[in-house]
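# Summary of structural features
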Amino acid sequence: MKAVIMAGGKGTRLSEFTKEIPKPLIPIGGKPVLEHQIRLFVRYGIRDILIVTGHLGERIEQYFEDGASFGAKIEYFREERPLGTAGALAFLKERLTDSFLLVYGDVLFDMDLERFAAFHRSQGTVGTLTVHPNNHPYDSDVLKVNAAGRVERIFRKNEKRDFDYSNCVNAGVYAFEPELLETIADNAKQDLEKDVLAALIGEGRISAYRTTEYMKDMGTPDRYALVQRHLEDGIVSAKNLSSKQKAIFLDRDGTLNKYVGLVSSPEQLEIEDGVVEALKLANDSAYLAIVVTNQPVVARNLCTEKELGLIHDRLETRLGERGVYVDDIVYCPHHPDKGYPEENVKYKIPCDCRKPSIGMLTQAAEKYNIDLAQSFLIGDTTVDLETGRNAGVTTVLVATGLGGTDGRYSVVPDYEADDLLEAVNGIISGKVLSRSRNANAELCK
(Lines give C-alpha, C1' and ligand atoms only; values in the text may rest on other atoms or scores of the structure.)
Protein backbone atom coordinates (compact mmCIF):
# COMPACT_ATOMS: atom_id res chain seq x y z
CA MET A 1 0.00 0.00 0.00
CA LYS A 2 1.22 3.49 -0.89
CA ALA A 3 0.54 6.79 0.83
CA VAL A 4 -0.25 10.07 -0.89
CA ILE A 5 0.23 13.36 0.96
CA MET A 6 -1.45 16.46 -0.44
CA ALA A 7 1.07 19.16 0.49
CA GLY A 8 0.40 21.86 -2.09
CA GLY A 9 -1.68 24.36 -0.09
CA LYS A 10 -0.54 27.89 0.73
CA GLY A 11 -1.71 27.95 4.36
CA THR A 12 -3.08 31.48 4.15
CA ARG A 13 -4.62 31.31 7.65
CA LEU A 14 -1.12 30.63 9.01
CA SER A 15 0.55 33.33 6.94
CA GLU A 16 2.71 34.42 9.87
CA PHE A 17 4.48 31.04 9.59
CA THR A 18 4.25 30.34 5.85
CA LYS A 19 5.94 33.35 4.26
CA GLU A 20 9.17 31.44 3.70
CA ILE A 21 8.22 27.80 4.25
CA PRO A 22 5.23 25.77 3.03
CA LYS A 23 2.58 24.90 5.57
CA PRO A 24 3.55 21.18 5.82
CA LEU A 25 7.04 22.18 6.99
CA ILE A 26 5.76 24.18 9.97
CA PRO A 27 7.41 22.54 13.00
CA ILE A 28 5.48 20.76 15.72
CA GLY A 29 7.59 19.42 18.56
CA GLY A 30 10.73 20.35 16.63
CA LYS A 31 9.75 18.43 13.46
CA PRO A 32 7.67 19.44 10.44
CA VAL A 33 4.14 18.09 10.53
CA LEU A 34 4.96 16.30 7.27
CA GLU A 35 7.77 14.44 9.00
CA HIS A 36 5.41 13.24 11.71
CA GLN A 37 3.16 11.84 8.97
CA ILE A 38 6.00 10.13 7.09
CA ARG A 39 7.41 8.55 10.23
CA LEU A 40 3.95 7.20 11.12
CA PHE A 41 3.59 5.65 7.67
CA VAL A 42 7.02 4.05 7.93
CA ARG A 43 6.19 2.73 11.41
CA TYR A 44 3.33 0.78 9.85
CA GLY A 45 5.43 -0.50 6.95
CA ILE A 46 4.15 2.00 4.39
CA ARG A 47 7.37 3.19 2.79
CA ASP A 48 6.25 4.13 -0.74
CA ILE A 49 5.11 7.73 -0.34
CA LEU A 50 4.06 10.21 -3.00
CA ILE A 51 3.96 13.88 -2.03
CA VAL A 52 1.97 16.36 -4.11
CA THR A 53 3.62 19.77 -3.79
CA GLY A 54 2.81 23.25 -4.95
CA HIS A 55 3.56 26.48 -3.11
CA LEU A 56 7.25 26.46 -2.13
CA GLY A 57 7.31 22.76 -3.04
CA GLU A 58 11.07 22.86 -3.66
CA ARG A 59 11.57 23.37 0.08
CA ILE A 60 9.74 20.11 0.80
CA GLU A 61 11.78 18.26 -1.84
CA GLN A 62 15.03 19.67 -0.43
CA TYR A 63 14.11 18.62 3.12
CA PHE A 64 13.02 15.04 2.43
CA GLU A 65 14.92 14.31 -0.80
CA ASP A 66 14.28 10.68 -1.78
CA GLY A 67 13.18 9.75 1.75
CA ALA A 68 16.04 7.30 2.38
CA SER A 69 17.10 9.03 5.60
CA PHE A 70 13.56 8.58 6.92
CA GLY A 71 13.31 4.91 5.93
CA ALA A 72 10.99 5.73 3.05
CA LYS A 73 10.96 5.92 -0.73
CA ILE A 74 9.53 9.32 -1.61
CA GLU A 75 8.38 10.51 -5.03
CA TYR A 76 6.96 13.92 -5.88
CA PHE A 77 4.41 15.47 -8.16
CA ARG A 78 4.70 19.26 -8.49
CA GLU A 79 1.55 21.19 -9.35
CA GLU A 80 2.53 23.89 -11.82
CA ARG A 81 -0.83 25.51 -11.11
CA PRO A 82 -3.29 24.89 -8.26
CA LEU A 83 -5.40 21.80 -9.00
CA GLY A 84 -7.52 21.73 -5.84
CA THR A 85 -7.56 18.79 -3.44
CA ALA A 86 -8.16 16.19 -6.17
CA GLY A 87 -6.99 17.47 -9.54
CA ALA A 88 -3.43 16.19 -9.16
CA LEU A 89 -4.67 12.63 -8.67
CA ALA A 90 -5.63 12.44 -12.35
CA PHE A 91 -1.92 12.60 -13.19
CA LEU A 92 -1.04 9.75 -10.81
CA LYS A 93 -3.10 6.89 -12.28
CA GLU A 94 -0.05 4.96 -13.46
CA ARG A 95 1.64 5.33 -10.07
CA LEU A 96 -1.38 4.31 -7.97
CA THR A 97 -2.44 0.87 -9.15
CA ASP A 98 -3.37 -0.59 -5.76
CA SER A 99 -5.16 0.54 -2.59
CA PHE A 100 -3.63 3.71 -1.18
CA LEU A 101 -3.94 6.05 1.79
CA LEU A 102 -4.34 9.77 1.32
CA VAL A 103 -3.88 12.54 3.88
CA TYR A 104 -3.73 16.32 3.81
CA GLY A 105 -0.34 17.69 4.71
CA ASP A 106 -1.57 19.96 7.52
CA VAL A 107 -3.10 17.21 9.70
CA LEU A 108 -1.26 15.98 12.78
CA PHE A 109 -2.48 12.45 13.38
CA ASP A 110 -1.47 9.24 15.08
CA MET A 111 -3.59 6.19 14.36
CA ASP A 112 -3.41 2.44 14.02
CA LEU A 113 -3.08 2.27 10.24
CA GLU A 114 -3.31 -1.53 10.17
CA ARG A 115 -6.69 -1.35 11.90
CA PHE A 116 -7.85 1.36 9.49
CA ALA A 117 -6.68 -0.50 6.37
CA ALA A 118 -8.34 -3.73 7.56
CA PHE A 119 -11.62 -1.88 8.10
CA HIS A 120 -11.44 -0.39 4.61
CA ARG A 121 -10.82 -3.79 3.03
CA SER A 122 -13.79 -5.25 4.90
CA GLN A 123 -16.19 -2.64 3.48
CA GLY A 124 -15.75 -3.37 -0.21
CA THR A 125 -16.18 0.32 -1.05
CA VAL A 126 -14.20 2.61 -3.34
CA GLY A 127 -13.17 4.78 -0.42
CA THR A 128 -13.24 5.07 3.36
CA LEU A 129 -13.17 8.37 5.24
CA THR A 130 -11.98 8.65 8.82
CA VAL A 131 -14.57 10.49 10.89
CA HIS A 132 -14.61 11.81 14.42
CA PRO A 133 -16.19 14.53 16.55
CA ASN A 134 -14.24 17.76 17.03
CA ASN A 135 -14.57 21.02 18.96
CA HIS A 136 -15.50 23.12 15.92
CA PRO A 137 -18.07 21.15 13.87
CA TYR A 138 -19.77 24.41 12.91
CA ASP A 139 -16.85 25.24 10.56
CA SER A 140 -16.03 21.68 9.49
CA ASP A 141 -17.38 19.32 6.85
CA VAL A 142 -19.94 17.19 8.70
CA LEU A 143 -21.07 13.79 7.46
CA LYS A 144 -24.35 11.95 7.64
CA VAL A 145 -23.57 8.25 8.08
CA ASN A 146 -26.18 5.48 8.09
CA ALA A 147 -26.35 2.43 10.35
CA ALA A 148 -24.44 0.35 7.81
CA GLY A 149 -21.51 2.74 7.98
CA ARG A 150 -22.06 4.28 4.53
CA VAL A 151 -21.69 8.02 4.09
CA GLU A 152 -25.00 9.44 2.84
CA ARG A 153 -24.13 13.12 2.60
CA ILE A 154 -21.50 15.75 3.30
CA PHE A 155 -22.70 19.03 4.78
CA ARG A 156 -19.98 21.47 3.70
CA LYS A 157 -18.55 23.88 6.23
CA ASN A 158 -19.51 26.89 4.12
CA GLU A 159 -23.15 25.78 3.85
CA LYS A 160 -25.73 27.37 6.12
CA ARG A 161 -27.07 24.88 8.68
CA ASP A 162 -30.40 25.64 10.27
CA PHE A 163 -30.80 22.11 11.63
CA ASP A 164 -29.24 19.84 14.26
CA TYR A 165 -26.59 17.37 13.15
CA SER A 166 -24.33 14.67 14.50
CA ASN A 167 -20.81 15.86 15.29
CA CYS A 168 -19.32 13.48 12.73
CA VAL A 169 -16.51 15.35 10.99
CA ASN A 170 -14.38 14.40 8.02
CA ALA A 171 -10.92 14.06 9.63
CA GLY A 172 -8.85 14.28 6.42
CA VAL A 173 -7.37 10.76 6.32
CA TYR A 174 -8.64 8.42 3.59
CA ALA A 175 -8.23 4.95 2.11
CA PHE A 176 -9.02 4.61 -1.60
CA GLU A 177 -9.12 2.03 -4.35
CA PRO A 178 -7.46 2.95 -7.68
CA GLU A 179 -10.84 2.95 -9.46
CA LEU A 180 -11.53 6.25 -7.68
CA LEU A 181 -8.98 7.85 -10.02
CA GLU A 182 -11.13 7.03 -13.05
CA THR A 183 -13.78 9.43 -11.77
CA ILE A 184 -11.38 12.40 -11.78
CA ALA A 185 -11.27 14.61 -14.86
CA ASP A 186 -7.91 15.15 -16.51
CA ASN A 187 -6.07 18.45 -16.20
CA ALA A 188 -8.82 20.20 -14.21
CA LYS A 189 -8.98 21.86 -10.81
CA GLN A 190 -11.23 19.72 -8.60
CA ASP A 191 -12.29 19.44 -5.00
CA LEU A 192 -12.03 15.94 -3.53
CA GLU A 193 -15.22 16.09 -1.49
CA LYS A 194 -17.41 18.26 -3.71
CA ASP A 195 -16.40 17.10 -7.19
CA VAL A 196 -15.30 13.49 -6.63
CA LEU A 197 -16.70 11.95 -3.46
CA ALA A 198 -20.17 13.47 -3.69
CA ALA A 199 -21.14 11.33 -6.68
CA LEU A 200 -19.70 8.17 -5.12
CA ILE A 201 -21.53 8.91 -1.87
CA GLY A 202 -24.77 9.11 -3.83
CA GLU A 203 -24.04 5.60 -5.13
CA GLY A 204 -23.35 4.22 -1.62
CA ARG A 205 -19.69 3.58 -2.44
CA ILE A 206 -18.02 5.53 0.39
CA SER A 207 -17.80 4.20 3.95
CA ALA A 208 -16.94 5.89 7.24
CA TYR A 209 -14.42 4.76 9.84
CA ARG A 210 -15.25 6.34 13.19
CA THR A 211 -12.26 6.65 15.48
CA THR A 212 -11.26 8.45 18.66
CA GLU A 213 -7.63 8.68 17.57
CA TYR A 214 -5.83 11.99 17.37
CA MET A 215 -6.42 13.88 14.11
CA LYS A 216 -6.31 17.66 14.09
CA ASP A 217 -5.54 20.12 11.36
CA MET A 218 -3.38 23.09 12.32
CA GLY A 219 -5.24 25.48 10.04
CA THR A 220 -5.40 28.41 12.47
CA PRO A 221 -2.91 29.84 15.02
CA ASP A 222 -5.08 28.62 17.91
CA ARG A 223 -5.23 25.06 16.56
CA TYR A 224 -1.52 25.13 15.85
CA ALA A 225 -0.83 26.02 19.49
CA LEU A 226 -3.22 23.28 20.65
CA VAL A 227 -1.58 20.47 18.66
CA GLN A 228 1.83 21.66 19.85
CA ARG A 229 0.71 21.28 23.47
CA HIS A 230 -1.03 17.95 22.91
CA LEU A 231 2.11 16.51 21.32
CA GLU A 232 4.24 17.70 24.22
CA ASP A 233 1.77 16.25 26.75
CA GLY A 234 1.76 12.82 25.07
CA ILE A 235 -1.93 12.97 24.18
CA VAL A 236 -1.31 12.49 20.45
CA SER A 237 0.41 9.11 20.77
CA ALA A 238 -1.73 7.97 23.72
CA LYS A 239 -4.89 7.97 21.60
CA ASN A 240 -3.56 5.52 19.01
CA LEU A 241 -5.93 2.55 19.24
CA SER A 242 -3.06 0.08 19.26
CA SER A 243 -2.69 1.18 22.91
CA LYS A 244 -5.24 0.54 25.64
CA GLN A 245 -7.52 3.54 26.11
CA LYS A 246 -9.12 4.94 29.22
CA ALA A 247 -12.62 6.38 29.20
CA ILE A 248 -15.01 8.47 31.21
CA PHE A 249 -18.41 6.88 30.63
CA LEU A 250 -21.25 9.36 31.09
CA ASP A 251 -24.88 8.81 31.90
CA ARG A 252 -27.09 11.18 29.87
CA ASP A 253 -30.30 12.28 31.64
CA GLY A 254 -29.52 14.01 34.93
CA THR A 255 -25.79 14.03 34.25
CA LEU A 256 -25.28 15.70 30.85
CA ASN A 257 -28.75 17.18 30.43
CA LYS A 258 -31.22 18.30 33.06
CA TYR A 259 -33.51 15.57 34.35
CA VAL A 260 -37.11 16.09 33.18
CA GLY A 261 -38.25 12.46 33.12
CA LEU A 262 -38.36 10.65 29.78
CA VAL A 263 -37.01 12.88 26.99
CA SER A 264 -38.91 12.13 23.78
CA SER A 265 -38.21 15.27 21.70
CA PRO A 266 -35.20 17.55 21.12
CA GLU A 267 -37.07 20.51 22.65
CA GLN A 268 -36.91 18.84 26.08
CA LEU A 269 -33.11 18.71 26.08
CA GLU A 270 -31.31 21.29 28.24
CA ILE A 271 -27.60 21.02 29.06
CA GLU A 272 -26.77 20.73 32.77
CA ASP A 273 -24.70 23.46 34.43
CA GLY A 274 -20.95 22.83 34.30
CA VAL A 275 -21.17 20.22 31.53
CA VAL A 276 -19.41 22.33 28.90
CA GLU A 277 -16.54 23.10 31.25
CA ALA A 278 -16.33 19.41 32.24
CA LEU A 279 -16.16 18.25 28.64
CA LYS A 280 -13.49 20.83 27.85
CA LEU A 281 -11.34 19.17 30.49
CA ALA A 282 -12.06 15.70 29.13
CA ASN A 283 -11.50 16.70 25.49
CA ASP A 284 -8.16 18.23 26.45
CA SER A 285 -6.99 14.99 28.08
CA ALA A 286 -6.14 11.42 27.10
CA TYR A 287 -9.58 10.24 28.31
CA LEU A 288 -12.42 9.38 25.96
CA ALA A 289 -15.86 10.78 26.85
CA ILE A 290 -18.51 8.21 25.93
CA VAL A 291 -22.23 8.44 26.72
CA VAL A 292 -23.96 5.22 27.82
CA THR A 293 -27.67 5.72 28.28
CA ASN A 294 -30.83 3.67 28.78
CA GLN A 295 -33.53 5.05 26.47
CA PRO A 296 -36.73 3.08 27.08
CA VAL A 297 -38.64 5.88 25.30
CA VAL A 298 -38.26 3.72 22.20
CA ALA A 299 -39.69 0.58 23.81
CA ARG A 300 -42.48 2.64 25.33
CA ASN A 301 -43.28 3.97 21.85
CA LEU A 302 -42.78 7.58 22.88
CA CYS A 303 -40.36 8.02 19.97
CA THR A 304 -38.62 5.95 17.32
CA GLU A 305 -34.89 5.23 17.12
CA LYS A 306 -34.72 7.77 14.28
CA GLU A 307 -36.35 10.38 16.52
CA LEU A 308 -33.97 9.45 19.33
CA GLY A 309 -31.20 10.15 16.85
CA LEU A 310 -32.58 13.67 16.40
CA ILE A 311 -32.42 14.17 20.17
CA HIS A 312 -28.78 13.14 20.14
CA ASP A 313 -28.17 15.41 17.15
CA ARG A 314 -29.52 18.28 19.26
CA LEU A 315 -27.19 17.33 22.11
CA GLU A 316 -24.13 17.15 19.84
CA THR A 317 -25.00 20.36 18.03
CA ARG A 318 -25.47 22.33 21.24
CA LEU A 319 -22.22 21.00 22.67
CA GLY A 320 -20.35 21.63 19.42
CA GLU A 321 -21.56 25.23 19.30
CA ARG A 322 -19.82 25.70 22.64
CA GLY A 323 -16.59 24.03 21.54
CA VAL A 324 -16.89 20.59 23.17
CA TYR A 325 -17.92 17.07 22.19
CA VAL A 326 -18.49 13.50 23.33
CA ASP A 327 -16.52 10.80 21.54
CA ASP A 328 -19.54 8.54 21.04
CA ILE A 329 -23.08 7.91 22.21
CA VAL A 330 -24.15 4.34 22.96
CA TYR A 331 -27.77 3.74 23.91
CA CYS A 332 -30.12 0.90 24.82
CA PRO A 333 -33.66 1.24 23.39
CA HIS A 334 -35.07 -1.82 25.21
CA HIS A 335 -37.24 -2.43 28.23
CA PRO A 336 -37.96 -5.90 29.69
CA ASP A 337 -41.51 -5.34 30.99
CA LYS A 338 -44.28 -6.23 28.52
CA GLY A 339 -48.03 -5.86 28.55
CA TYR A 340 -48.68 -2.14 28.03
CA PRO A 341 -51.09 -1.24 25.19
CA GLU A 342 -48.93 1.57 23.78
CA GLU A 343 -45.63 -0.32 23.84
CA ASN A 344 -43.43 -1.20 20.86
CA VAL A 345 -43.20 -4.97 21.28
CA LYS A 346 -40.09 -5.15 19.08
CA TYR A 347 -38.10 -3.48 21.86
CA LYS A 348 -39.85 -5.02 24.86
CA ILE A 349 -37.20 -7.67 25.39
CA PRO A 350 -34.58 -8.59 27.98
CA CYS A 351 -31.13 -7.61 26.73
CA ASP A 352 -27.48 -7.40 27.69
CA CYS A 353 -27.15 -3.68 26.99
CA ARG A 354 -29.67 -2.12 29.39
CA LYS A 355 -27.95 -0.84 32.52
CA PRO A 356 -27.11 -2.30 35.02
CA SER A 357 -26.00 -4.89 32.46
CA ILE A 358 -22.67 -3.92 30.96
CA GLY A 359 -23.27 -4.47 27.25
CA MET A 360 -22.95 -0.80 26.29
CA LEU A 361 -19.61 -0.51 28.10
CA THR A 362 -18.19 -3.71 26.63
CA GLN A 363 -19.37 -2.66 23.16
CA ALA A 364 -17.48 0.62 23.48
CA ALA A 365 -14.48 -1.16 25.01
CA GLU A 366 -14.22 -3.48 22.04
CA LYS A 367 -14.69 -0.70 19.50
CA TYR A 368 -12.09 1.62 21.04
CA ASN A 369 -9.74 -0.81 22.86
CA ILE A 370 -10.70 0.54 26.29
CA ASP A 371 -9.29 -0.80 29.55
CA LEU A 372 -12.31 -0.77 31.84
CA ALA A 373 -10.14 -1.00 34.96
CA GLN A 374 -8.63 2.40 34.08
CA SER A 375 -12.03 3.91 33.33
CA PHE A 376 -14.84 5.68 35.17
CA LEU A 377 -18.63 5.85 35.05
CA ILE A 378 -20.33 9.07 36.16
CA GLY A 379 -24.08 9.06 36.77
CA ASP A 380 -26.92 10.22 38.98
CA THR A 381 -28.60 6.91 39.88
CA THR A 382 -27.88 3.69 41.72
CA VAL A 383 -28.45 1.95 38.37
CA ASP A 384 -25.33 3.72 37.08
CA LEU A 385 -23.40 2.71 40.19
CA GLU A 386 -24.46 -0.93 39.89
CA THR A 387 -23.44 -0.88 36.21
CA GLY A 388 -20.01 0.43 37.12
CA ARG A 389 -19.58 -2.20 39.80
CA ASN A 390 -20.61 -4.96 37.37
CA ALA A 391 -18.17 -3.70 34.73
CA GLY A 392 -15.25 -3.16 37.11
CA VAL A 393 -15.02 0.59 36.49
CA THR A 394 -14.71 3.30 39.12
CA THR A 395 -18.03 5.02 39.88
CA VAL A 396 -18.77 8.66 40.65
CA LEU A 397 -22.25 9.70 41.82
CA VAL A 398 -23.27 13.27 40.97
CA ALA A 399 -25.85 15.26 42.93
CA THR A 400 -27.56 16.54 39.78
CA GLY A 401 -30.61 14.77 38.37
CA LEU A 402 -31.86 12.14 40.81
CA GLY A 403 -28.67 12.35 42.86
CA GLY A 404 -28.81 8.65 43.79
CA THR A 405 -32.35 8.84 45.25
CA ASP A 406 -33.86 6.30 42.84
CA GLY A 407 -33.30 3.54 45.43
CA ARG A 408 -33.08 0.76 42.85
CA TYR A 409 -29.89 -0.81 44.20
CA SER A 410 -28.10 -0.86 47.52
CA VAL A 411 -24.71 0.22 46.27
CA VAL A 412 -22.15 2.77 47.42
CA PRO A 413 -20.26 4.94 44.91
CA ASP A 414 -16.48 5.00 44.88
CA TYR A 415 -16.66 8.81 44.87
CA GLU A 416 -19.29 11.54 45.03
CA ALA A 417 -19.36 14.97 43.38
CA ASP A 418 -21.74 17.92 43.20
CA ASP A 419 -21.85 17.84 39.40
CA LEU A 420 -20.07 16.63 36.28
CA LEU A 421 -17.48 19.39 36.40
CA GLU A 422 -16.34 18.44 39.89
CA ALA A 423 -16.28 14.76 38.93
CA VAL A 424 -14.24 15.21 35.75
CA ASN A 425 -11.92 17.69 37.38
CA GLY A 426 -11.22 15.12 40.09
CA ILE A 427 -10.44 12.44 37.51
CA ILE A 428 -8.17 14.63 35.38
CA SER A 429 -6.34 16.05 38.39
CA GLY A 430 -5.76 12.59 39.89
CA LYS A 431 -7.81 13.20 43.04
CA VAL A 432 -10.27 10.55 41.87
CA LEU A 433 -8.34 7.32 41.19
CA SER A 434 -9.38 4.43 38.98
CA ARG A 435 -9.56 0.90 40.34
CA SER A 436 -6.28 -0.06 38.64
CA ARG A 437 -4.45 2.97 40.07
CA ASN A 438 -5.90 2.30 43.52
CA ALA A 439 -4.68 -1.30 43.27
CA ASN A 440 -1.21 -0.15 42.25
CA ALA A 441 -1.15 2.34 45.13
CA GLU A 442 -1.99 -0.45 47.57
CA LEU A 443 0.84 -2.60 46.18
CA CYS A 444 3.31 0.24 46.67
CA LYS A 445 2.46 0.70 50.36
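Notes on the structure follow. As the structure is a computational prediction, the values presented were derived from the model and not from experiment.

To continue, consider the side chain of Gln245. The topology assignment puts Gln245 in the loop between α6 (235-238) and β14 (246-250). By relative accessible area, which is 1% here, Gln245 ends up buried. Dropping the residues within four chain positions of it, Gln245 is found in contact with Ala238, Lys239, Asn240, Leu288, Tyr368, Asn369, Ile370 and Asp371.

Once that is clear, we can look at the nonpolar core. Ranked by internal contacts, the top residues of the largest apolar core, which has 95 residues, are Ile38, Phe41, Ile51, Phe109, Leu197, Phe249 and Ile370. With six residues, helix α1 (residues 33-43) is the single largest residue contributor to this core. When residues of this core are assigned to domains, at least three map to each of domain 1 (2-217) and domain 2 (244-444). Residues contacting Ile38, with those up to four places away along its chain left out, are Ile5, Ile49, Ile51, Phe64, Phe70, Ala72 and Ile74. Among the nonpolar cores identified, the runner-up in size contains 36 residues, and Tyr287, Leu308, Tyr347 and Val432 belong to it.

Attention shifts here to the pairing of strand β7 (residues 107-110). Going residue by residue along β7, you find Val107 and Phe109 tucked away on one face and Leu108 and Asp110 tucked away on the opposite face as well. Sheet topology note: the β7/strand β13 (residues 214-217) ladder contains four bridges and is antiparallel. Of the residues in β13, the one forming a bridge with Val107 is Asp217.

As a working rule, side chains carrying opposite charge can pair if their charged atoms are close by. What the rule picks out here adds up to 30 salt bridges. Between Glu152 and Lys144 there is a salt bridge, with the nearest N and O atoms lying 3.9 Å from each other. A relative accessible area of 41% means that Glu152 is categorised as partly exposed. The shortest N-O distance in the salt bridge between Arg252 and Asp253 comes to 2.8 Å. In this structure, Arg252 and Asp253 share a single accessibility class: buried.

Turning next to the packing of α1 against helix α2 (residues 57-64). Axis separation between α1 and α2 bottoms out at 12 Å; the angle between their running directions is 50 degrees. Between α1 and α2, the angle is such that the two are oblique. For the crossing formed where α1 meets α2, the hand is right-handed. Contacts between α1 and α2 involve Leu34, Glu35 and Ile38 from the first element and Ile60, Tyr63 and Phe64 from the second.

Analysis parameters
- Residues numbered from 1 in each chain as written.
- Predicted model: local features only at pLDDT ≥ 70, side-chain atom pairs only at ≥ 80, totals over all residues.
- Heavy atoms only, no water.
- Helix = DSSP H or I, 4+ residues; strand = E, 2+ residues; numbered from the N terminus.
- Buried < 20%, exposed > 50% of the residue type's maximum accessible area, 1.4 Å probe, protein only.
- Contact = heavy atoms within 4.5 Å.
- Core = buried A, V, L, I, M, F, W, Y, C linked by side-chain atoms within 4.5 Å.
- Domains from an automatic or database assignment.
- Pairing = 2+ DSSP bridges.
- Salt bridge = Lys/Arg side-chain N within 4 Å of Asp/Glu carboxyl O.
- Axes fitted to C-alpha atoms, helices over the stretch in contact; angles between N-to-C directions.
- Parallel < 35°, antiparallel > 145°, perpendicular 65-115°, else oblique.
- Left-handed = near helix turned anticlockwise from the far one by under 90°.

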